[in-house]
Amino acid sequence: MEKIRLNMTVNGKAVEVLTEPRQLLAHVLREELELTGTHIGCESTHCGACTIDMNEMSVKSCSVFAAQAQGAEITTIEGLGNPDGLNVIQEMFKEHHGLQCGYCTPGMITRAYRLLQENSNPTEEDVRFGMAGNLCRCTGYQNIVKAILASAEKMNESKETA
Ligand code: FES
Ligand code: FES
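Residues numbered from 1 in each chain as written. Chains lettered and ligands numbered in written order. Predicted model: local features only at pLDDT ≥ 70, side-chain atom pairs only at ≥ 80, totals over all residues. Heavy atoms only, no water.

1. Regarding the sheet that holds strand E4 (residues 57–60)
Sheets are built from strands paired through backbone hydrogen bonds, the pairs being either parallel or antiparallel. The strand order across the open sheet built from five strands is E2-E1-E5-E3-E4, with neighbouring strands paired in mixed fashion. With partners counted over all chains shown, the strands left at the sheet margins are strand E2 (13–19) and E4, one partner each. Ignoring which end each strand starts from, the neighbouring axes of this sheet average 40° apart. Bridge count between strand E1 (residues 4–10) and strand E5 (residues 73–75): two bridges; the pairing is parallel. Counted as the bridge partner of Thr9 is Glu73 from E5. Where helix H1 (residues 25–32) meets the sheet, its contacts fall on E1, E2, strand E3 (51–54) and E5, and the angle it forms with E2 comes to roughly 105°. (Pairing = 2+ DSSP bridges. Helix = DSSP H or I, 4+ residues; strand = E, 2+ residues; numbered from the N terminus. Axes fitted to C-alpha atoms, helices over the stretch in contact; angles between N-to-C directions. Contact = heavy atoms within 4.5 Å.)

So, in structure tokens, the structure goes:
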């Protein structure tokens, strides 16, 4: 199959990839760009383990062709922080035990990042509803909710002191 050339900005860097039109964005991120934090947990667009931020929206990258991301601004979990400088949400997931196997976590955190941009002061119900596109088999969600509410609080505190 003929390949197409794609240009995107991923985690702040301009990237160019050569891929087939049928290729899913999740596979391009993982296999071509080696950003393997984005996971694949289903084939029915339910689980949200593949969630990334694309053009300021939470997107399930398993249900987007890479070709549709031409020119897009993408943030994956690797762009939200690193082991030496965690993003607030990463820090709060760690502190509140919002992960166990870690497989849903990149998608959860990437989604939570956008959720908190959409609503900086969510209630518990807002968080549960806002995260409904992301499934977790390990945590029972409770600690994920706590971590996201704590992240909102921290982010609001730092806005006040800024
Ligand atoms: S891999 Fe399950 S929603 Fe994308
Ligand atoms: S931490 Fe294992 S699936 Fe969520």
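Continuing now.
2. Describing helix H3 (residues 105–118)
Along an α-helix, residues three or four positions apart point the same way, because every turn accommodates 3.6 residues. Relative to the 20 Å expected for 14 residues at 1.5 Å per residue, H3 spans 20 Å between its end C-alpha atoms, a close match to the ideal helical length. Of all 14 residues in H3, eleven are buried, a share of seventy percent or more. Along H3, the residues that are buried comprise Thr105, Pro106, Gly107, Met108, Ile109, Thr110, Arg111, Ala112, Arg114, Leu115 and Leu116. Where H3 is buried, its residues touch E3, E4, E5, helix H2 (88–95), helix H4 (124–130) and helix H5 (142–161). (Expected span 1.5 Å × (residues − 1). Buried < 20%, exposed > 50% of the residue type's maximum accessible area, 1.4 Å probe, protein only.)

3. Some words on the packing of H2 against H5
Viewed as axis vectors pointing N to C, H2 and H5 meet at an angle of 135°, and their least axial separation amounts to 8 Å. Our classification of the angle between H2 and H5 gives oblique. Read as a crossing pair, H2 and H5 show a hand that is right-handed. For the pair H2 and H5, the contacting residues are Val88, Ile89, Met92 and Phe93 in the first and Ile144, Ala147, Ile148, Ala150, Ser151, Lys154 and Met155 in the second. The residue inventory of the contact of H2 with H5, partitioned by class, reads nine nonpolar, one polar and one charged. (Parallel < 35°, antiparallel > 145°, perpendicular 65-115°, else oblique. Left-handed = near helix turned anticlockwise from the far one by under 90°. Nonpolar A, V, L, I, M, F, W, Y, C, P; charged D, E, K, R; others polar.)

4. Observations regarding the domain arrangement of the protein
In terms of domains, the protein is made up of domain 1 (4–79) and domain 2 (88–161). Centre-to-centre separation of domain 1 and domain 2, based on C-alpha positions: 21 Å. Across the boundary between the two partners, domain 1 contributes 18 residues, which contact 13 residues of domain 2. Taken together, both faces of the contact between domain 1 and domain 2 bury some 1200 Å²; the carbon and sulfur share is 54%. At the surface where domain 1 touches domain 2, the tally comes to one salt bridge. The closest approach of N and O atoms between Arg114 and Asp53, which form a salt bridge, is 2.9 Å. Linking domain 1 with domain 2 are nine residue pairs in polar contact (both at pLDDT 80 or more). Secondary structure elements with two or more residues in the side of domain 1 that touches domain 2: E3 and E4. A breakdown of the residues in the side of domain 1 that touches domain 2 according to their chemical character gives six nonpolar, nine polar and three charged. (Domains from an automatic or database assignment. Buried area = accessible area lost by both parts, 1.4 Å probe. Salt bridge = Lys/Arg side-chain N within 4 Å of Asp/Glu carboxyl O. Polar contact = N/O pair within 3.5 Å; in protein donor to acceptor, adjacent residues only side chain to side chain.)

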